[in-house]
Amino acid sequence: MIKNTFQASPHRRWNPLKREWVIVSPHRTKRPWQGQKETPTAPPSVSYDPECYLCPGNTRFGGKETPEYSGPYVFENDFPALLKDVPREEINLGDVDLLLAQTESGCCRVLCFDPRHDLTLATMDLAAIRRVVDMWAAQTTELGACADIEYVQVFENRGAMMGASNPHPHCQIWATEHLPNDPAIELAAQQRYFADHKTQLLTTYLQLEVVRQERVVVENDTWVALVPFWAVWPFEMLLLPKQNASRVEALNESQRDGLASILKRVTNAYNDLFDTPFPYSMGLHPAPADGKEHPEWLLHLHFFPPLLRSADIRKFMVGFELLGSPQRDITPESAASTLRALLEERGHV
């Protein structure tokens, strides 16, 4: 158990996955709030929106038509951040390794979860969510097999507060030529831990959490959702498989079922927290698609939600967080307890 000193006094916690410290300031939860308040976004009220370019049968940019799909539907992003077949070039101005640049090729896709405009992961049925999990596996397999792709990042921005420009249930898939910053940091940390301890960092961490249960929010036979010991965002969650798997496509049938189930429970817990459609950024972190074995890597999912005290008060990553190190007020133990109680109270467990 975490000592009372750490539940009431400022302290810092080690994030072994990024090899950085996080400051926790539990005494600050008593401070009055006079900052910016957001306007919560109302969920869509119709199952089909004729103005939504992701709804079946509607027209997208450039006259492209979204077909009459009945399950998960994927297409090439009409405004991709990355392009295929970019000529390979790099510069090192002055030859002093300071002004560096190199071209980056890749592709960006959009994956619609369901044809219904008014659904989310929280309100979709388990069979529909399982089809999304299968599509994640199929897409990461296909894109990861490309010779010029080193990483496939699946992510969902939910809610206008997190920059989602369309409320239709969907995520994005970006495949990049080089390893992005955060997966590269996590790779180095996991490789270092594996070399020192001969075991996976996240598997060992999960074993500690399951025994203690202080930060576990919900679990099933194959997955655990918890507020990580080093969480930065107030109600951040980390989803981990109980059996080893480094990539989505490596998940067996029961693991895929379990992932679908725990995704529904987690997103329902978020919605119940402040009785509002909860915004978040969610992403899968599989091992790199570099053709190598990665015994150090455990597949995991991050949920980063911005809300702090209510549906209209969010956490801002500014000031000291930008210039010094990450900081949070609510302890991870308190956040986990709140979410866990909601799931039990409202019958989602």
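Attention here is on the structure that accompanies the text. (Residues numbered from 1 in each chain as written. Predicted model: local features only at pLDDT ≥ 70, side-chain atom pairs only at ≥ 80, totals over all residues. Heavy atoms only, no water.)

### A short note on the overall build of the protein chain
For step 1, the next point in the chain: Assigned secondary structure in the protein chain consists of seven helices and 16 strands.
For step 2, the next point in the chain: In terms of overall dimensions, the protein chain is globule-like: its C-alpha atoms have a radius of gyration of 21 Å, near the 20 Å expected for 349 residues.
For step 3, the next point in the chain: Taking the principal axes of the C-alpha coordinates as reference, the protein chain spans close to 60 × 55 × 45 Å.
For step 4, the next point in the chain: In the protein chain, which comprises 349 residues, the proportion classed as buried is 52%.
For step 5, the next point in the chain: In the protein chain, of all internal contacts separated by at least 6 residues, the share reaching a separation of at least 24 is 67%.
For step 6, the next point in the chain: Of the roughly 16700 Å² that the protein chain leaves accessible, carbon and sulfur atoms contribute 54%.
For step 7, the next point in the chain: Computing the positive centroid from 34 side-chain charges and the negative centroid from 45, the protein chain places the two 8 Å apart. (Helix = DSSP H or I, 4+ residues; strand = E, 2+ residues; numbered from the N terminus. Rg over C-alpha atoms; globule rule 2.2 N^0.38 Å. Buried < 20%, exposed > 50% of the residue type's maximum accessible area, 1.4 Å probe, protein only. Contact = heavy atoms within 4.5 Å. Areas by Shrake-Rupley, 256 points an atom, 1.4 Å probe, with all protein chains shown as cover. Lys, Arg positive; Asp, Glu negative; His and termini not counted. Charge placed at Lys NZ, Arg CZ, Asp CG, Glu CD.)

### Let's talk about the sheet that holds strand β2 (residues 20-24)
For step 1, the next point in the chain: Taken in spatial order, the three strands of this open sheet run β1-β2-β16, and their pairing is mixed. Taken across any chain shown, the strands that pair with only one partner, and hence form the sheet edges, are β1 (11-15) and β16 (327-328).
For step 2, the next point in the chain: Pairing analysis gives two bridges linking β2 to β16, with the strands arranged parallel. Looking across to β16, one finds that Ile-23 is bridged to Gln-327. (Pairing = 2+ DSSP bridges.)

### Quick look at the pairing of strand β7 (residues 151-158)
For step 1, the next point in the chain: In terms of burial, β7 is a largely internal element, seven of the eight residues being buried.
For step 2, the next point in the chain: Bridge analysis of β7 against strand β8 (residues 170-176) gives five bridges, and the strand direction is antiparallel. Bridge pairing in β8 places Gln-153 opposite Trp-174.
For step 3, the next point in the chain: Inspection of the sheet shows β7 paired to strand β12 (residues 280-285) by four bridges, in the antiparallel sense. Residue pairing across strands places Phe-155 opposite Gly-283, the latter belonging to β12.

### As for the sheet that holds strand β3 (residues 73-76)
Picture the strands of a sheet paired through backbone hydrogen bonds; they go either parallel or antiparallel.
For step 1, the next point in the chain: The nine strands lie next to each other as β3-β6-β8-β7-β12-β13-β11-β10-β9, forming an open sheet whose pairing is antiparallel. The outermost strands of the open sheet, each flanked by one partner alone, are β3 and β9 (216-219). Averaged over neighbouring strand pairs, the angle between their axes works out to 20 degrees when direction is ignored.
For step 2, the next point in the chain: Across the sheet, helix α2 (residues 126-144) lies against β3, β6 (106-112), β7, β8 and β12, angled at about 165 degrees from β6, the strand it touches most. (Axes fitted to C-alpha atoms, helices over the stretch in contact; angles between N-to-C directions.)

### Some details on the packing of aromatic side chains
For step 1, the next point in the chain: Using the criterion set out here, one finds 13 aromatic pairs in the structure.
For step 2, the next point in the chain: Sitting over the ring of Trp-21, Arg-12 keeps its end group 3.9 Å from the ring centre.
For step 3, the next point in the chain: When the ring centre of Phe-229 is taken as origin, the NZ or CZ atom of Arg-13, which lies over that ring, is 4.5 Å away. (Phe/Tyr/Trp six-rings, centres within 6.5 Å; stacked < 30°, edge-to-face > 60°. Lys NZ or Arg CZ within 6 Å of the ring centre and 35° of its normal.)

### Side note on the packing of helix α3 (residues 181-197) against helix α4 (residues 201-212)
The geometry of a pair of packed helices is captured by two quantities: the angle between their axes and the separation between those axes.
For step 1, the next point in the chain: Relative to each other, α3 and α4 sit at 80 degrees, their axes nearing to 8 Å. On the basis of the axis angle, α3 is roughly perpendicular to α4. Of α4, the residues touching α3 (which contributes Ala-189, Gln-190 and Tyr-193) are Leu-201, Leu-202 and Thr-204.
For step 2, the next point in the chain: Looking at the contact of α3 with α4 residue by residue, the class counts come to four nonpolar, two polar and no charged. (Parallel < 35°, antiparallel > 145°, perpendicular 65-115°, else oblique. Nonpolar A, V, L, I, M, F, W, Y, C, P; charged D, E, K, R; others polar.)

### What about α4?
For step 1, the next point in the chain: Taking 1.5 Å per residue, twelve residues should reach 16 Å; α4 reaches 17 Å between its end C-alpha atoms and fits that length.
For step 2, the next point in the chain: All buried positions along α4 are accounted for by Leu-201, Leu-202, Thr-204, Tyr-205, Leu-206 and Glu-209.
For step 3, the next point in the chain: Residues of α4 that are buried in the fold lie against α3, β9, β10 (223-226), β11 (237-241) and β13 (300-304).
For step 4, the next point in the chain: The first or second residue beyond α4 is Gln-213, which carries a positive phi of 65 degrees. (Expected span 1.5 Å × (residues − 1).)

### Quick notes on the environment of Leu-259
For step 1, the next point in the chain: Along the polypeptide, Leu-259 turns up in helix α5 (residues 253-273).
For step 2, the next point in the chain: Leu-259 sits 128 residues away from Arg-131 along the chain, and the two C-alpha atoms are 11 Å apart.
For step 3, the next point in the chain: With near-sequence residues (within four places) excluded, Leu-259 lies in contact with Val-133, Trp-223, Leu-239, Leu-251 and Leu-301.

### Examining the nonpolar core
For step 1, the next point in the chain: Counting residues in hydrophobic clusters, the biggest one holds 59 residues, and the most contacted among them are Trp-136, Met-237 and Leu-239.
For step 2, the next point in the chain: Not counting residues up to four positions away in its chain, the partners in contact with Trp-136 are Leu-111, Phe-113, Val-154, Cys-171, Val-248, Leu-263, Met-282 and Leu-284. (Core = buried A, V, L, I, M, F, W, Y, C linked by side-chain atoms within 4.5 Å.)

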